[in-house]
Amino acid sequence: MTRAGKLPFLFFIIILLTNYGVVVSCLRISNESSMDEGNNHTTMFLLPLFPPKETLSRRHLQKSPSSARMPLHDDLLLNGYYTTRLWIGTPPQRFALIVDTGSTVTYVPCSTCEQCGNHQDPKFQPEMSSTYQPVKCNIDCSCDNEREQCIYERQYAEMSSSSGKLGEDIVSFGNQSELAPQRAVFGCENLETGDLYSQHADGIMGLGRGDLSIVDQLVEKHVISDSFSLCYGGMDFGGGAMVLGGIKPPPEMVFTHSDPVRSPYYNIELKGIHVAGKALNLNPQIFDGKHGSVLDSGTTYAYLPEDAFVAFKSAVMKELHSLREIEGPDPNYKDICFSGAGSDISQLSKSFPPVDMVFSNEKKLSLTPENYLFRHSKVHGAYCFGIFQNGKDPTTLLGGIVVRNTLVTYDRENERIGFWKTNCSELWDRLNVSPSPPPPPSGTDSTKSTANMTPALAPSVPPEYYATGEIKIGLVSFYMSLSIDYSELKPRVPELAHFIAQELDVNVSQVHLMNFSTKGNDSLIRWAIFPAGSADYMPNATAMEIISRLDGNSLHLPDTFGSYKLVKWDIEPSPKRTRWQQNYLVVVVALLVVLILGLSASLGCLIWRRRQTLPYDPVGSVETMTDEKELQPLN
């Protein structure tokens, strides 16, 4: 059914509803193995070896009019991290950055880098940005040997490092953000080593506390409130959402105090853990060692102090009655794994017990099995503990696995962190928030940044749509060829649509499968991206951004979908509607009024006629035995 064809039906539903009243020590990247979930530990620690020296301050704002809503990409256990997309410069240059609450500096590889790895996007070219400026040496920064420019250096526990110069340029947050592009300081990498060199992501987006943090810079400009939120997807879907700035917390959100003086990292006041409703026999102080209980978005798994881990493992295993303990997927690790739970994630709670994290205010965050398990990559229906012992380190480190499908709000202004269990792939719908109209990508004419973009195949748009210089784009369609049989692909089409939406920075409701064909073991699918909501057209800047990604074959899909190729894209106008379609609502209402009046008149006439004729039916006829006839007088 076409979009236009659905409208009368939706109107009918609205009439019915109206009538019935329906209303996320302190290590950094410890990338200890490959990128396969459960196959090896892709443990990511994005906490610096040494805490940053940037000053901690609490900003009080006069106003906070906007927020930057940004989708998250990749998968926590497949990639070891989540990334978001950031655009830097004029015209904008795109980068995939790991969202990291344990780091402060945001940095990307620079075109002058002599030792940078092969990452997802091209290196940043300062010389190509008309708005780039180097940060000159001053008393507030470390300077290069020539004392001309500010530099940064970051070293991490597993011997990876990043260093480069500081620059300032316009940063844009994507087409779902209502926050306009802003000038910000970032690192332009000239050297990277270790896991930073080998990772697929381009760099780091620092969300920690400190003057160089992207959050602190936006707060200092008074363009967002002193808050941000992260929402990580679950086992079935990767990705998620991020908000720079404040949001209205849901009524069910559970808050705990976060003391910025207690630790340079985001900490929570964890006092206990319950398994299957029973408290672990632990001294609450066990969760307050060293840096306390640290919540870090860049760490993959969770790590407990020794005594806490032993108690947790024992309590969970006592509740596993129908499962069999098996060896882990990687012989290099002694993972604790179990088989027999089945592959349906929604049914895991029948095999594994619930877990509650108890805060100092007696509030609880309830965890489902996906918050402490990961899939066994070699045994179907088997799962392994995603919570480990933190060696002899007394710090409690809570990584992304603990907050799968949980909206985590870092309310820095009020020194608290909130948790709300939700489906992160449907966050905006569950918060009843509509996507925002996109601002220009870099503060300049957005059409200029794509003027040199020449697609491999020209779009099939009639010439008249170019005449005014403003193309009215009703949809963007494209063909995708995948090296996977459609019978295998068909049940995963919703999942594929979800990933496409993330890569194109649109809502999943805008992604429609139009048709498909098969050739051997390959599938050819035609997709269409429609405007958001009920709009007839999408902004040109949004369409051009979608096209630039399609034209560059820059979509990043999981390997489980095989190899893919984008064959062709087109832009099309919104289907022209007839005068009746344009005014169908008025017509439908008028017809309903006429129909109701007509039915009322006919019913009244029928009643009047029956009253005139019914008394004269012969007594003894079959009809006189009904209740209605018995209530009528007999003459």
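As the structure is a prediction and not an experimental result, all values here were calculated from the model. (Residues numbered from 1 in each chain as written. Predicted model: local features only at pLDDT ≥ 70, side-chain atom pairs only at ≥ 80, totals over all residues. Heavy atoms only, no water.)

Q: Can you walk me through the sheet that holds strand E23 (residues 373-375) in this structure?
A: Backbone-to-backbone hydrogen bonds join strands into a sheet, with any given pair of strands oriented parallel or antiparallel. The strand order across the open sheet formed by four strands is E19-E20-E24-E23, and the pairing between neighbours is antiparallel. Sheet topology places strand E19 (324-326) and E23 at the edges, where each strand pairs with a single neighbour. Averaged over neighbouring strand pairs, the angle between their axes works out to 35 degrees when direction is ignored. Relative to strand E24 (residues 383-385), strand E20 (residues 337-339) runs antiparallel, the two being bridged by two bridges. In the sheet register, Cys337 faces E24, and the bridge partner there is Cys384. (Pairing = 2+ DSSP bridges. Helix = DSSP H or I, 4+ residues; strand = E, 2+ residues; numbered from the N terminus. Axes fitted to C-alpha atoms, helices over the stretch in contact; angles between N-to-C directions.)

Q: Could you clarify how one ought to interpret the UniProt feature "active site" (unreviewed entry) in the protein in this entry?
A: With numbering aligned to this structure, UniProt lists the feature "active site" (unreviewed entry) at Asp100 and Asp296. Of the residues just listed, which span 197 residues, no C-alpha pair is farther apart than 7.2 Å, and they cluster in one region. The topology assignment puts Asp100 in strand E3 (residues 93-100). Mapped onto the elements of the fold, Asp296 is located in the loop between strand E17 (293-295) and strand E18 (302-304). (UniProt positions renumbered as here; feature names shortened; annotations may be inferred.)

Q: Looking at this structure, I do not really get the side chain of Asp296. What am I missing?
A: Among the residues examined, Asp296 registers a relative accessible area of 0% and is labelled buried. Engagement of the side chain of Asp296 in a polar contact is seen with the side chain of Thr101, the distance being 3.3 Å. A polar contact of 2.6 Å, which involves the side chain of Asp296, links it to the side chain of Thr299. (Buried < 20%, exposed > 50% of the residue type's maximum accessible area, 1.4 Å probe, protein only. Polar contact = N/O pair within 3.5 Å; in protein donor to acceptor, adjacent residues only side chain to side chain.)

Q: Before we go on, may I ask you to explain the sheet that holds strand E1 (residues 68-72) in this structure?
A: The six strands are arranged E1-E12-E11-E27-E28-E13 in an open sheet whose pairing can be described as antiparallel. Each edge of the sheet is formed by a strand with only one pairing partner; in this case those strands are E1 and strand E13 (254-257). In this sheet, adjacent strand axes meet at a mean angle of 15 degrees when their direction is disregarded. Direction of pairing for strand E27 (residues 406-411) relative to strand E28 (residues 416-421): antiparallel, over a ladder of six bridges. Bridge pairing links Asp411 to Arg416 in E28.

Q: Honestly, the pattern of salt bridges in this entry has me stumped. Any pointers?
A: Side-chain pairs of opposite charge can arise where the charged atoms are in close proximity. All told, the structure shown has 10 salt bridges when counted by the stated rule. We note a salt bridge from Arg412 to Asp216, for which the minimum N-O separation is 2.9 Å. With Arg412 in the loop between E27 and E28 and Asp216 in helix H4 (residues 214-220), the pair connects residues that are 196 residues apart, well separated along the chain. No difference in accessibility class separates Arg412 from Asp216, as the two residues are buried. Measuring nitrogen to oxygen at the nearest pair gives 2.7 Å for the salt bridge that ties Arg412 to Asp226. In this pair, Arg412 sits in the loop between E27 and E28 while Asp226 sits in the loop between H4 and strand E11 (227-232), placing the two residues 186 residues apart along the sequence. Looking at Arg412, the relative accessible area reads 9%, which means it is buried. Each of Asp216, Asp226 and Arg412 takes part in salt bridges that share partners, so that together they form one network. (Salt bridge = Lys/Arg side-chain N within 4 Å of Asp/Glu carboxyl O.)

Q: Looking at this structure, how should I read a nonpolar patch on the surface?
A: A contiguous nonpolar surface patch, about 380 Å² in accessible area, is contributed by Leu592, Leu595, Ile596 and Leu599. Among the residues examined, Ile596 registers a relative accessible area of 53% and is labelled exposed. (Patch = residues over 30% accessible without salt bridge, like charges linked within 9 Å, V, L, I, M, F, W, Y side chains within 5 Å. Areas by Shrake-Rupley, 256 points an atom, 1.4 Å probe, with all protein chains shown as cover.)

Q: What's the story with the packing of aromatic side chains in this structure? I'm lost.
A: Geometrically, a pair of aromatic rings is defined through the distance of the ring centres and the angle of the planes. This structure, assessed with the given rule, holds 20 aromatic pairs. Here the aromatic rings of Tyr301 and Phe388 are separated by 5.2 Å at their centres, their planes lie at 85 degrees, and the arrangement is edge-to-face. One end of the pair, Tyr301, is in the loop between E17 and E18; the other, Phe388, is in strand E25 (residues 387-389), and 87 residues separate them in sequence. Take Phe388: its relative accessible area is 15%, and that puts it in the buried class. Pairwise contacts between aromatic rings join Phe312, Phe338, Phe352, Tyr372, Tyr383 and Phe385 into one cluster. Over the ring of Phe255 we find Arg416, and its NZ or CZ is 3.7 Å from the ring centre. Across the ring face of Phe561, the terminal group of Arg492 is positioned such that the distance to the ring centre comes to 4.1 Å. (Phe/Tyr/Trp six-rings, centres within 6.5 Å; stacked < 30°, edge-to-face > 60°. Lys NZ or Arg CZ within 6 Å of the ring centre and 35° of its normal.)

Q: I would appreciate a short explanation of the pairing of strand E2 (residues 83-88) in the present structure.
A: For a regular strand, side-chain orientation follows a simple rule: the groups alternate between the two sheet faces. In terms of burial, E2 is a largely internal element, six of the six residues being buried. Because side chains alternate across E2, one face comprises the buried residues Thr83, Arg85 and Trp87, and the other comprises Thr84, Leu86 and Ile88, equally buried. Pairing of E2 with E3, which is carried by six bridges, proceeds in the antiparallel orientation. For Thr84, the partnering residue across the bridge sits in E3 and is Leu97. The turn joining E2 and E3, which pair antiparallel and follow one another in sequence, is formed by four residues; a positive phi near 100 degrees is taken by Gly89. Here E2 pairs with strand E8 (residues 161-172) via two bridges, running antiparallel.

Q: Hey, could you run me through unusual backbone geometry in this one?
A: Most peptide bonds take the trans configuration, and most residues that are not glycine carry a negative phi. The peptide bond linking Thr90 to Pro91 adopts the cis configuration, its omega dihedral lying at -5 degrees. Here Pro91 is to be found in the loop between E2 and E3. For His222, which is not a glycine, the phi torsion comes out positive at approximately 65 degrees. Summarising the element assignment, His222 is placed in the loop between H4 and E11. Although it is not a glycine, Asn405 adopts a positive phi angle of roughly 50 degrees. Relative to the elements of secondary structure, Asn405 occurs in the loop between strand E26 (396-398) and E27.

Q: Would you explain the nonpolar core in this entry?
A: One recurring pattern in soluble globular proteins is that nonpolar side chains are buried together. Grouped together as the largest cluster of nonpolar side chains are 90 residues, with contacts concentrated most on Leu207, Leu244, Phe312 and Phe352. Here the element with the most residues in this core is helix H5 (residues 306-318); it accounts for five residues. Ignoring sequence-local partners within four residues, the contact set of Leu244 consists of Ser67, Ala68, Met70, Phe173, Met205, Leu207, Val215, Leu218, Ile224, Ser227 and Phe228. Residues Ile529, Met538, Leu550 and Phe561 belong to the second largest nonpolar core, which totals 32 residues. (Core = buried A, V, L, I, M, F, W, Y, C linked by side-chain atoms within 4.5 Å. Contact = heavy atoms within 4.5 Å.)

Q: I tried to follow the side chain of Glu495 on my own but got confused; where do I start?
A: With respect to the element layout, Glu495 can be found in helix H8 (residues 493-504). Setting aside chain neighbours within four positions, we find Glu495 in contact with Asp236, Phe237 and Phe561.

Q: Can you help me understand the environment of Val358 in this one?
A: Following the sequence through the fold, Val358 ends up in strand E21 (residues 355-359). A residue is classified by how much of its surface remains accessible, and Val358, at 7% relative accessible area, is buried. On a C-alpha basis, the gap between Val358 and Leu270 in space is 6.1 Å, while along the polypeptide they are 88 residues apart.

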